[in-house]
Every structure is written in C-alpha cells, then in structure tokens.
Amino acid sequence: MGFHRFYETWFDHLRLLVDQLSQAPKPPTSQDHHDALHHLVQKAMAHYAEYYRVKSLAAKHDVLSVFAAPWSTSLERSLLWIGGWRPTTAFHLIYTESSIMFESKIVDILRGLRTGDLGDLSPGQFRRVSELQCDTVREENAITDELSEWQDGSGDMLGLVCGGIAYGKMERLGRVLEKADDLRLRTVRNVVEMLTLQQAVQFLIAAAELQFGVHIWGLVSGPDASGASLSELLRELVVVN
C-alpha cells in the first residue's frame, strides 16, 4: 500500500509536469525559453528516475506485489511486460507521432519548410531510432528469457515456501524486474538524447498522454477492454498536442 500511495502522488505530479511542458513555447523563441524548456525536460526525466528508484526499494520488500501492479486497471495489467510498459513501446510511439504530424503538415514539408517537430525527423534520427529499437528488442528478449527460466523453475517453491529456495527465487525475480525497469528508463533517456529539445518535449508529452489515456480507458471500460492491442490503443489515444 505504501508504494500504491506513492504511485498515486507520482502520477498526479506527472500530470502537472505534462501541463507545464504543453504550455511552454515550442519551438523556444529565446534563450530563456530554451533554458526553461531544457529544465522541464530534466525535471520530467528526474521524475521517471525517482519512480524507478522507489519502485526498486518497494520490490525488495514485496516483489510479487510490485510485479503484479495491483494499483493498475485490468487493461493496464493486460499490457504489462515484467511489471511495467514494454520498452519498445517508445519506438512505436515515435513512429506513430511522426506519421500523424507528418501527415498534418505534409504541404508545408513538401514546400521545404522545416517544422522541427516529430514529423520532421532527419534521416540520421530515423537511423538512430532503428538502431536503438534493435538493441532494445535484443535486451527485451534476453530479459524475457530470464523470466521464462524463472517461471520454469517455480515448481521448486512448492512445499518450500519458508525455505531458502523460495527466498532465492524471489531474489531472482527481483533482479529480473530490476533489469526490466533499468531498460525502460534507459530507453526513455536514449530516445530523449537523440531528439531535439522540441521533439523531446513532444515525445514526453505523448508518452505521458498515452499512459493517462490507457489508465482512463481502463477505468471506464473495465475488464472488457483488456483485449485491446497496443497498436489499437496507439491509434485511439495518440493525438497531436
């Protein structure tokens, strides 16, 4: 329950950060605007880092509860990968946002005007996104294999709940969860670093809005929404801010 309360407070604070990011001038029109926007991006990244720091501490006390994420809706839990969002979702989000923004400003782009947003990614940025995605997929698969090995050996705990085997299994599950969370945070950091400041702000807003949208949809739709696919959710929930 301690982490549950923390998550609710953290989630509300994320909304405030997104409001600040949304209201900031994009692109920044002065050095002061640029510095303020950079500060907001740093605040958002620190906010995510704090979430994973506290989550790691909570997992050391009750890894199964943190893994199951009881504070989430049924829809959110149906989309979880090892206790959180799948890191490669970040790349699906970039491609979706880029496509939507490109289509909305295609006339200006064809005229040679640079928009500077996610619809205006350079060839080098697309190449870097693709490389990051491939690296992330490899790490995802390796961590998934570790979880599968843990699950295959879970029968060892039957009848030994109070023994050293069960304790060791929980420790191992905690390490798998920690690796997954580390990959999630590194993925966001890598994406933000390869984007321009304006693009990074749009990415962070889109990522948070997707999180808010899935949560609200889960509250409204209940268990019936748990069969929705990621691609369906992205198309329904990702909008041009």
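Structure: above.
Bear in mind that the values here come from a model prediction, so they are computed numbers and not experimental data.

## Here we look at the overall build of the chain
Then comes step 1: Within the chain, the secondary structure is distributed over 10 helices and 0 strands.
Then comes step 2: Reading the chain from its N end, one meets helices and strands in the order α-α-α-α-α-α-α-α-α-α.
Then comes step 3: A sequence separation of at least 24 residues applies to 76% of the contacts in the chain between residues at least 6 apart.
Then comes step 4: Summed over its atoms, the accessible surface of the chain is roughly 12700 Å², and 56% of this surface lies on carbon and sulfur atoms.

## Some remarks on the environment of Q20
Then comes step 1: Within the secondary structure layout, Q20 lies in helix α1 (residues 2–23).
Then comes step 2: For Q20, a relative accessible area of 34% translates into the label partly exposed.
Then comes step 3: In sequence terms Q20 and I205 are 185 residues apart; their C-alpha atoms lie 9.9 Å from each other.
Then comes step 4: Residues contacting Q20, with those up to four places away along its chain left out, are L40 and K43.

## Topic: the packing of helix α2 (residues 31–61) against helix α9 (residues 197–221)
Then comes step 1: Look at α2 against α9: their axes get within 10 Å of each other, and the N-to-C directions meet at 40°. Comparing their axes, α9 and α2 come out oblique. The element α2 and its partner α9 pack so that their crossing is left-handed. Across from H34, L37, H38, V41, A44, M45 and Y48 in α2, the residues of α9 making contact are L197, V201, L204, A208 and Q211.

## Quick word on a nonpolar patch on the surface
Then comes step 1: Together, I216, L219 and V220 make up an exposed nonpolar region whose accessible area comes to about 320 Å².
Then comes step 2: As for its position among the elements, V220 is in helix α9.
Then comes step 3: A relative accessible area of 68% means that V220 is categorised as exposed.

## Structural notes on the pattern of salt bridges
Then comes step 1: All told, the structure shown has 10 salt bridges when counted by the stated rule.
Then comes step 2: The partner of D181 in a salt bridge is R184, with the nearest N and O atoms 2.7 Å apart. Placement of both D181 and R184 in helix α8 (residues 164–194) is noted, with a separation of 3 residues, approximately one turn of the helix. As far as burial versus exposure is concerned, D181 and R184 are alike and both buried.
Then comes step 3: Between D182 and R186 there is a salt bridge, with its nearest N and O atoms 2.7 Å apart.

## Observations concerning the nonpolar core
Nonpolar side chains in soluble globular proteins tend to end up buried together.
Then comes step 1: Counting residues in hydrophobic clusters, the biggest one holds 60 residues, and the most contacted among them are I82, V192, L195, F203 and L204.
Then comes step 2: Only α1, α2, α3 (63–68), α5 (89–104), α7 (123–152), α8 and α9 provide two or more residues apiece to this core.
Then comes step 3: Leave out the neighbours within four places in its chain, and L195 touches L118, L121, Q125, A200 and F203.

## Describing the layout of surface pockets
Then comes step 1: For the largest pocket, the calculated volume is near 720 Å³.
Then comes step 2: For the largest pocket, the lining is made up of 31 residues, of which L80, G84, W85, R86 and Q211 are closest to its centre.
Then comes step 3: Listed by contribution, the elements that provide at least two residues to the lining of the largest pocket are α1, α2, α5, α8, α9 and α10 (230–237).
Then comes step 4: By residue number, the principal contributor to the lining of the largest pocket is α9, which donates 6 residues.
Then comes step 5: Split into classes, the residues belonging to the lining of the largest pocket amount to 22 nonpolar, 5 polar and 4 charged.
Then comes step 6: What the second largest pocket holds in volume is close to 450 Å³.
Then comes step 7: Lining of the second largest pocket is provided by 19 residues; of these, S56, A59, K60, G174 and E178 occupy positions nearest its centre.
Then comes step 8: With 10 residues, the top contributor of residues to the lining of the second largest pocket is α8.

## A word on unusual backbone geometry
Then comes step 1: Despite not being glycine, A69 shows a phi value in the positive range, around 50°.
Then comes step 2: With respect to the secondary-structure elements, A69 resides in the loop between α3 and α4 (74–78).
Then comes step 3: You can call A69 buried: its relative accessible area is 2%.
Then comes step 4: For I82, which is not glycine, the phi dihedral falls at a positive 50°.
Then comes step 5: Its place among the elements puts I82 in the loop between α4 and α5.

Cut-offs applied
Residues numbered from 1 in each chain as written. Predicted model: local features only at pLDDT ≥ 70, side-chain atom pairs only at ≥ 80, totals over all residues. Heavy atoms only, no water. Helix = DSSP H or I, 4+ residues; strand = E, 2+ residues; numbered from the N terminus. Contact = heavy atoms within 4.5 Å. Areas by Shrake-Rupley, 256 points an atom, 1.4 Å probe, with all protein chains shown as cover. Buried < 20%, exposed > 50% of the residue type's maximum accessible area, 1.4 Å probe, protein only. Axes fitted to C-alpha atoms, helices over the stretch in contact; angles between N-to-C directions. Parallel < 35°, antiparallel > 145°, perpendicular 65-115°, else oblique. Left-handed = near helix turned anticlockwise from the far one by under 90°. Patch = residues over 30% accessible without salt bridge, like charges linked within 9 Å, V, L, I, M, F, W, Y side chains within 5 Å. Salt bridge = Lys/Arg side-chain N within 4 Å of Asp/Glu carboxyl O. Core = buried A, V, L, I, M, F, W, Y, C linked by side-chain atoms within 4.5 Å. 1 Å grid on protein atoms, 1.4 Å probe; cavity = no way out; pocket = protein on both sides within 12 Å on 5 of 7 lines; lining within 4 Å. Points joined across faces, edges and corners; volume = space filled by probe spheres on them. Nonpolar A, V, L, I, M, F, W, Y, C, P; charged D, E, K, R; others polar.

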